[in-house]
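# Chain and residue survey
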Amino acid sequence: MNPTIEISFKTAQAYSAMCKPLCQELRLPQTAFDILMFLANNPDCTTARDIVEIRKIKANLVSVNVDRLVQEGYLERRATQLLCTEKAQPVIARGREVQERFFARLLQNTDAATREAFFRTMEVIGKNLDEILKENG
């Protein structure tokens, strides 16, 4: 397997594995948890379309999971906007703790210079990807 693809796949698997205990405790599917955390961590992104376009989650899965989050009181709808409720705040706080532990674990055994080079490289790659998408979109 291509190392880049393998890293992407393993990163997604590892993140899901770290989220699994919280998702099980809350009885939330990973996709619902991901949607809630996406909305909480990206306050400028408040629509189902944002979730579909940015997170690349299929529209039908977004619809089903948003309905569930609304029904369980974690989200509310205002016209086309999706807003996290007060009930969601403890879940979001715990989700952010999981995310912080994940990233800390991901970068474990790296020194500051390596992390700095990694983040600079990721920034350049991100800009290159934006240019590719702009040229081919």
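Data block above holds the structure.
Residue placement: R77 occurs in strand β1 (residues 75–78). When the C-alpha positions of R77 and G137 are compared, they lie 31 Å apart, and in sequence the two are 60 residues distant. Sequence-distant contacts of R77, that is, excluding residues within four places in its chain, are made with V66, D67, V70 and L82. Within the structure, the side chain of R77 is placed 2.4 Å from the side chain of D67, a separation counted as a polar contact.

This part takes up the pattern of salt bridges. Using the criterion set out here, one finds eight salt bridges in the structure. R94 is paired through a salt bridge with E25; the nearest N and O atoms lie 2.8 Å apart. Linking R94 in helix α5 (residues 88–106) with E25 in helix α1 (residues 3–26), this pair joins segments that are 69 residues apart in sequence. You can call R94 partly exposed: its relative accessible area is 34%. The residue E76 makes a salt bridge to R78 at a minimum N-O spacing of 2.8 Å. The class of R78 is exposed, set by a relative accessible area of 51%.

Both β1 and strand β2 (residues 81–84) contribute to a ladder of four bridges, which runs antiparallel. In the sheet register, E76 faces β2, and the bridge partner there is L83. In textbook terms, the turn of a hairpin is the stretch between consecutive antiparallel strands, and for β1 and β2 this stretch comprises two residues, one of which, A79, has a positive phi near 55°.

With that out of the way, let us pick up the side chain of D50. Among the structural elements, D50 can be located in helix α3 (residues 48–55). Here D50 is buried and forms no salt bridge, its nearest opposite-charge partner R49 lying at an N-O distance of 7.0 Å. Not counting residues within four places of it along the chain, the set of residues in contact with D50 comprises F38, D44, C45 and R55.

What describes a pair of aromatic rings is the distance from one ring centre to the other and the angle between the planes of the rings. Taken as a whole and judged by the stated rule, the model has three aromatic pairs. With a centroid separation of 5.3 Å and 70° between ring planes, the pair formed by F102 and F103 is classed as edge-to-face. Among the residues examined, F103 registers a relative accessible area of 46% and is labelled partly exposed. Where F118 meets F119, the ring centres are 5.3 Å apart and the plane angle is 65°; that geometry is what we call edge-to-face. One aromatic cluster is present, built from ring pairs that chain together Y15, F102 and F103. We note K87 situated over the ring of Y74; from NZ or CZ to the ring centre the distance is 4.9 Å.

Further remarks concern the nonpolar core. For soluble globular proteins, the rule of thumb is that nonpolar side chains tend to be buried together. Ranked by size, the top nonpolar core spans 28 residues in total, and within it I35, L36, I51, L69 and Y74 carry the most contacts. Among the secondary structure elements, those contributing two or more residues to this core are α1, α2 (30–41), α4 (59–71) and α5. For this core, the element with the most residues is α2, which contributes eight residues. Contact partners of L69, with chain neighbours within four places excluded, come to L28, A32, I35, L36, Y74 and L75.

How each quantity is defined
- Residues numbered from 1 in each chain as written.
- Predicted model: local features only at pLDDT ≥ 70, side-chain atom pairs only at ≥ 80, totals over all residues.
- Heavy atoms only, no water.
- Helix = DSSP H or I, 4+ residues; strand = E, 2+ residues; numbered from the N terminus.
- Contact = heavy atoms within 4.5 Å.
- Polar contact = N/O pair within 3.5 Å; in protein donor to acceptor, adjacent residues only side chain to side chain.
- Salt bridge = Lys/Arg side-chain N within 4 Å of Asp/Glu carboxyl O.
- Buried < 20%, exposed > 50% of the residue type's maximum accessible area, 1.4 Å probe, protein only.
- Pairing = 2+ DSSP bridges.
- Lys, Arg positive; Asp, Glu negative; His and termini not counted.
- Phe/Tyr/Trp six-rings, centres within 6.5 Å; stacked < 30°, edge-to-face > 60°.
- Lys NZ or Arg CZ within 6 Å of the ring centre and 35° of its normal.
- Core = buried A, V, L, I, M, F, W, Y, C linked by side-chain atoms within 4.5 Å.

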